[in-house]
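Report on the structure
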Amino acid sequence: MTTKILIVQILTLCSIILPKANSVVFKYPAVFNFGDSNSDTGELAAGLGFTLDPVYGRTHFKASSGRFCDGRLIVDFLMDAMKLPFLNAYLDSIGMPSFQKGCNFAAAGSTIHQATPTSVCPFSFDIQVNQFLHFKARVVDLLAKGKRLDKYIPAVDYFSKGLYTFDIGQNDLAGAFYSKTIDQVLASIPKILEEFETGLRRLYDEGARNFWIHNTGPLGCLAQNVAKFGTEPSMLDELGCVSGHNQAAKLFNLQLHALCKKLQGDYTDSNITYVDIYTIKYSLIANYSRYGFDQPIMACCGVGGAPLNYNSGISCGQTKVINGTSVTAKACSDSSEYVNWDGIHYTEAANQYVSTQILTGKYSDPPFADKMPFLLDLKF
C-alpha cells in the first residue's frame with residue numbers, strides 16, 4: 001500500500017468515535033457468512049474446481065486464494081477487526097481447514113433467486129442456507145460423539161451466539177439487465193427480497209439471533225456495466241456510472257432496509273443490523289482522490305487501456321488471440337491506486353477503505369459507534 005493511502009487510512013481511523021467506558025462489547029465467538037464474490041473466500045474454486053489466475057491474491061496472499069480480488073475482502077478485514085481468523089469456504093477440504101470460528105458459504109456468481117441450469121453459480125442463497133443447516137447438523141452430531149474435533153468445529157452454542165453476515169443480491173440485479181428492461185428489473189425486486197426473507201427466517205428458526213446485512217453497492221460504477229450499458233452519454237451520471245443500474249441498486253436497498261426494519265420488529269430477541277455499503281462505495285468513487293486513489297472506475301487488471309481497461313472477452317490474467325494477436329489482461333503495477341480490480345470487483349485497498357467506514361458504525365441501522373471497543377486495536 002502506498003504511503004498516501006496509509007496516511008488516509010490513519011486519518012480515517014482517527015476520526016472514529018471512541019467507545020464509551022460502559023459500551024457493550026462487540027464480540028462474537030464465530031461468524032457464518034452468506035453471499036457472492038464480494039465475500040467468497042474460495043467456495044466457487046472448491047465447489048466447481050474454478051481456477052483463478054495467480055495474479056488474484058498477489059497483494060496479501062502472494063498467490064491465488066480463491067478470492068476475486070488482488071488481496072483481502074471486506075469480510076477478511078471485519079474478521080481481523082474482531083480478532084477472528086479468516087473464514088474457510090464450506091466446500092474447501094484441502095489443508096485441514098478449521099471451522100471452529102465460523103464458516104463461509106458465499107460463492108462467486110451466486111444469486112438470491114434460485115439457481116437454474118444456466119446460472120453462473122449453482123450455490124444460490126437457498127442452497128447456501130441448506131448447506132448451513134447440513135453443517136450445523138453435522139457439527140451437533142460430531143460433538144455428541146466426543147471432543148476429538150473441538151478445535152476444528154464450533155461449539156453448539158456458537159450457532160446462537162455467533163454473527164450471521166450477508167452480502168448478496170448484486171448478481172440478481174446486474175444479471176437481470178441482460179434480458180430485462182429497467183422497469184422489469186425494478187418490478188422484480190420485491191420477489192427477490194421475498195426469497196431473501198425466507199432464508200433469513202429459516203436461519204432464525206435454527207437459532208440465529210445476530211444478523212449483519214450489507215446492502216448492494218453502486219452497480220452502475222463497475223467497469224463491466226459501464227462497458228456494456230454505458231455506451232451513450234445519456235446513460236451515465238455525473239461520475240460516469242450507469243444511471244439505470246444505480247437506480248435499481250438504490251430501490252433494492254430501500255426495500256432491503258424496510259425488510260430489516262420489519263424483521264427487527266418481528267424478532268425483538270435478535271440483533272439485526274443493516275449496513276449501507278452503497279453510500280460508502282459511491283462516496284469513495286465520487287471522492288477517490290481525497291482517499292488516495294488515482295482511478296475510481298478503470299480496472300487495474302484488464303486490457304484496452306483508458307478509460308475502462310476492460311474487455312468482457314478477456315478476464316483478468318487470461319491470454320487470448322484477438323484479430324491474430326495474442327493479448328493478455330495484465331494487472332497494473334500498483335493496485336492501491338485503483339478502486340476497481342478487474343472491472344467487477346474492488347481492490348484490497350478499496351476494500352480496506354470500505355471496512356474502515358463500516359467500522360465507524362455511522363453507516364448502520366441501528367448505529368453502533370459506541371459499541372466498538374476493538375476499534376482501538378485494529379491490525380490493518
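Here's what I pulled together on the structure shown here.

Quick word on the overall build of the chain
Each helix and strand in the chain was counted, giving 11 helices and 10 strands. The globule rule puts the C-alpha radius of gyration for 380 residues at 21 Å, and the 20 Å found for the chain is close to it. Its C-alpha atoms give the chain principal-axis dimensions of roughly 65 × 50 × 45 Å. Out of the 380 residues in the chain, the part that is buried amounts to 54%. Residue pairs at least 24 apart in sequence account for 72% of intrachain contacts in the chain once pairs closer than 6 positions are excluded.

Some words on the sheet that holds strand β4 (residues 210–214)
Ordered in space as β2-β1-β3-β4-β5-β10, the six strands form an open sheet in which the pairing is mixed. A strand with exactly one partner marks an edge of an open sheet, and here the two such strands are β2 (102–104) and β10 (364–365). Of the strand pairs in this sheet, strand β1 (residues 31–35) and β2 are connected by three bridges, and their pairing is parallel. When the sheet's bridge partners are listed, F32 is paired in β2 with C103.

As for unusual backbone geometry
Note: most residues except glycine have negative phi, and most peptide bonds are trans. Cis geometry is adopted by the peptide bond preceding P307, which originates at A306 and carries an omega value of 10 degrees. Take P307: it is sitting in the loop between β6 (295–299) and β7 (319–322). The backbone of N309 sits at a positive phi, close to 50 degrees, despite the residue not being glycine. Given the relative accessible area of 12%, N309 is considered buried. Located in the positive-phi region is N323, a residue other than glycine, with phi close to 55 degrees. Relative to the elements of secondary structure, N323 occurs in the loop between β7 and β8 (325–328).

Quick notes on the environment of T231
Within the secondary structure layout, T231 lies in the loop between α8 (223–229) and α9 (243–266). By relative accessible area, T231 is classed as exposed at 55%. Separated by 173 residues in sequence, T231 and R58 have C-alpha atoms that sit 32 Å apart.

Thoughts on the packing of helix α10 (residues 277–286) against helix α11 (residues 348–358)
Close contact between α10 and α11 brings their axes to 10 Å; oriented N to C, the two are set at 130 degrees. Judged by the angle between their axes, α10 and α11 are oblique. Our pair here, α10 against α11, has a crossing hand that is right-handed. Contact residues: I277, I280, K281 and L284 in α10; A350, Y353, V354, Q357 and I358 in α11.

Here we look at the nonpolar core
If you look at the biggest cluster of nonpolar residues, it comprises 88 residues, and the most contacted ones within it are F166, F196 and F211. Residue contributions to this core peak at nine residues, all from helix α7 (residues 182–205). Apart from residues no more than four positions distant in its own chain, F166 is found in contact with N33, F34, F125, F196, L200, L203, F211, W212, I213 and H214. Core analysis: the second largest hydrophobic core is formed by 16 residues, L44, A107, C300 and Y338 among them.

Some points on the pattern of salt bridges
Where charged atoms from two side chains of opposite charge approach closely, those side chains can pair. Going through the model one piece at a time under the given rule, you end up with 12 salt bridges. R201 is paired through a salt bridge with E197; the nearest N and O atoms lie 2.9 Å apart. One end of the pair, R201, and the other, E197, are both in helix α7, four residues apart, so they sit about a helical turn from each other. We classify E197 as buried; its relative accessible area is 15%.

Considering the state of the cysteines
Going through the model one piece at a time under the given rule, you end up with three disulfides. Here C301 engages in a disulfide with C316; their sulfurs sit 2.0 Å apart. Sign of the S-S torsion, about 90 degrees for the bond between C301 and C316, identifies this disulfide as right-handed. Placement of C301 in the loop between β6 and β7 and of C316 in the loop between β6 and β7 is noted, with a sequence separation of 15 residues between them. Under the relative-accessibility criterion, C301 is labelled buried at 1%. Given the relative accessible area of 6%, C316 is considered buried. Taken in N- to C-terminal order, the disulfide-linked cysteines of the chain are connected 1-2, 3-6, 4-5.

Rules used throughout
- Residues numbered from 1 in each chain as written.
- Predicted model: local features only at pLDDT ≥ 70, side-chain atom pairs only at ≥ 80, totals over all residues.
- Heavy atoms only, no water.
- Helix = DSSP H or I, 4+ residues; strand = E, 2+ residues; numbered from the N terminus.
- Rg over C-alpha atoms; globule rule 2.2 N^0.38 Å.
- Buried < 20%, exposed > 50% of the residue type's maximum accessible area, 1.4 Å probe, protein only.
- Contact = heavy atoms within 4.5 Å.
- Pairing = 2+ DSSP bridges.
- Axes fitted to C-alpha atoms, helices over the stretch in contact; angles between N-to-C directions.
- Parallel < 35°, antiparallel > 145°, perpendicular 65-115°, else oblique.
- Left-handed = near helix turned anticlockwise from the far one by under 90°.
- Core = buried A, V, L, I, M, F, W, Y, C linked by side-chain atoms within 4.5 Å.
- Salt bridge = Lys/Arg side-chain N within 4 Å of Asp/Glu carboxyl O.
- Disulfide = S-S within 2.5 Å.

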